[in-house]
Structure formats: structure tokens, C-alpha cells
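# Examination of the molecular architecture
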Amino acid sequence: MFSTTAPLFDEQLRQRLVLTCDAAISANPDQFGPALQEVEDVLMQMMQPPNLRASDPGNAFLAAEASFERACVMLEEKGVSNPGALSLYQFYGRVKYFSEKK
Amino acid sequence: MLTLATPTGPLCFYDDIRQLSAARWQRFSAKYLEYSIGTNLFAVDGHISRLALFLGQRNMTGASEQFNHLVTSLNHIRQGVNGEAVVLACLLASIGEEVCDDVSDSGLLITAERITGTGVSQHRLVKTLERAKKRLSGNSH
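Quick look at the structure, then. None of these values were measured; they are calculated from a predicted model.

## Brief notes about the overall build of chain A
Of regular secondary structure, chain A possesses four helices and zero strands. Seen in sequence order, chain A has helices and strands lined up from the N terminus as α-α-α-α. Taking 102 residues into account, the globule formula puts the C-alpha radius of gyration at 13 Å, and chain A, at 26 Å, lies well above it. Along the longest, intermediate and shortest principal axes, the C-alpha atoms of chain A span 70 × 35 × 30 Å. Classification of the 102 residues of chain A by burial places 10% in the buried group.

Listed below in C-alpha cells is the structure:
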């Protein structure tokens, strides 16, 4: 009944599981309805697309840029010159050191 | 360094947190996020499916963002931008003997065109990007 090749076996198993769940839900829609709605709401929430509008100050990558600039300013105030040119390892090492020293 | 052999010479990418500058990592992270919406027709297909889902759920905020991503993806395709190449351009140390250090928006687009101009396949670009990101993210913090 099932294929002996792994990907096809997985796919057939998945389809069988979906059909079994579908049959169980169709037989008892009232029992599973609220739970399914809850799962769907959570999944939709997880799928919420990030804001990437260039003109919006709440833009996800502008926020990341601003956070990096704040870290650079903090390091410059502590006497680190041109922090952006440091290697990633040195940069986060210094950020961690000064954060712990506070 | 991660080296990608191409018909026109090797492309060397940073893949070590002791070599990659923090500013370049920042550019990489921002561009990775910016181009995560995709610059090909598969991405457009995904945006349309999700747009239909959000509209079906009457989630207008999600639908509006998704529509924005759809338009952005289509604009990238119209302009011939290769998202993976732009993101990789942030990590490109050199093309052959030539050092690449322009990580401005326009500089990255020019470098991306040079990367695709070397004739390297899209599949290898995607694999290289995944490999570099994995190595950098695995030990960045």
C-alpha cells in the first residue's frame, strides 16, 4: 500500500493523516470547531507579515538599523573609536563588557 | 572565507565573525530582511496565496502588509533585482583580485549584478547564502 521510498512514504502518510483528521472532524464538527478556530488564529498570527515599508518609521529594518546605531554611540561614548569597523566578534564582546560593567 | 569558484574568477565571502565587520553584518541583516519577501515568481505566488488567506480571515492589517510585499516583489522582478545576490554582496570581500568594500544601497546593486554576471547559478548562490548565514549566525552572539 505504501511506497518504500522515504519521501513518497512520508507524503502518503501525511495525506492519510490529513484524511483521517478530516473524517474525524466532519463526524464531530461541534466538538472540534472551536479548537480548530483557535489553531487557525494562532497560525494566522504567526504568519503576520513584517512591516517593511520604507516610508514607515516602524519599519522592521529601520528599527534594526536604529538599534545598531544606538549600540555604536554607546561604544563611542565609552572611548571605542569607529565601532562599526570592529569585527563582529570584537563589537559584541565590547557591547557585552560595557553592559555588564554598568 | 567562503570561496565560490566561477568562470570569471573566485568570489570570496566573509563567513567568520572574527573577519566580518559589525557594520557589514548590520547591512547583511537589514538586506536579508528586506529581500526575504522574495524576488521571483514563486515568491509572488506565495504572496497571492497569503493575501487571499488574510482577506478570507478579514485581517486587513495582514492583507495590507501582504499586498505591499506583493507589489515590492513585483517591482524587484521588473527591475531585474536578484535578492540573493544583493544579500550576498554584503558579505563579498573580493571578486578575483579586486576588493569589494562598497556596501551602500547603490553599491550593493552594482556588486550584485557583477556576482550574477560571473555566470554562477542561482542554486549555488542560494546554497552559498545559506552556508554563510549559518556559519555567521551560529556563533555571532
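## Some words on the interface of chain B and chain A
Where the parts come together, the accessible area they lose is often given as the size of the interface. Facing 24 residues of chain B, the contacting portion of chain A comprises 21 residues. The set of elements that each furnish at least two residues to the side of chain B that touches chain A consists of α1 (22-34) and α3 (60-79) of chain B. A total of eight residues in the side of chain B that touches chain A trace back to one element, the largest contributor, which is α1 of chain B. Among the residues forming the side of chain B that touches chain A, the class breakdown is eight nonpolar, twelve polar and four charged.

## Description of the sheet that holds strand β4 (residues 98-99) of chain B
All names here are of chain B. One open sheet accounts for four strands, arranged β1-β2-β3-β4; its pairing is antiparallel. Only two strands of the sheet have a single neighbouring strand rather than two, namely β1 (2-4) and β4. Sheet analysis places strand β2 (residues 11-13) next to strand β3 (residues 92-95), joined by three bridges and oriented antiparallel. Bridge pairing in β3 links Leu11 to Ile95.

Each value, and the rule that gives it
- Residues numbered from 1 in each chain as written.
- Chains lettered and ligands numbered in written order.
- Predicted model: local features only at pLDDT ≥ 70, side-chain atom pairs only at ≥ 80, totals over all residues.
- Helix = DSSP H or I, 4+ residues; strand = E, 2+ residues; numbered from the N terminus.
- Rg over C-alpha atoms; globule rule 2.2 N^0.38 Å.
- Buried ≥ 20, exposed ≤ 12 C-beta atoms within 10 Å, placed from the backbone.
- Contact = placed C-beta atoms within 7 Å.
- Nonpolar A, V, L, I, M, F, W, Y, C, P; charged D, E, K, R; others polar.
- Pairing = 2+ DSSP bridges.

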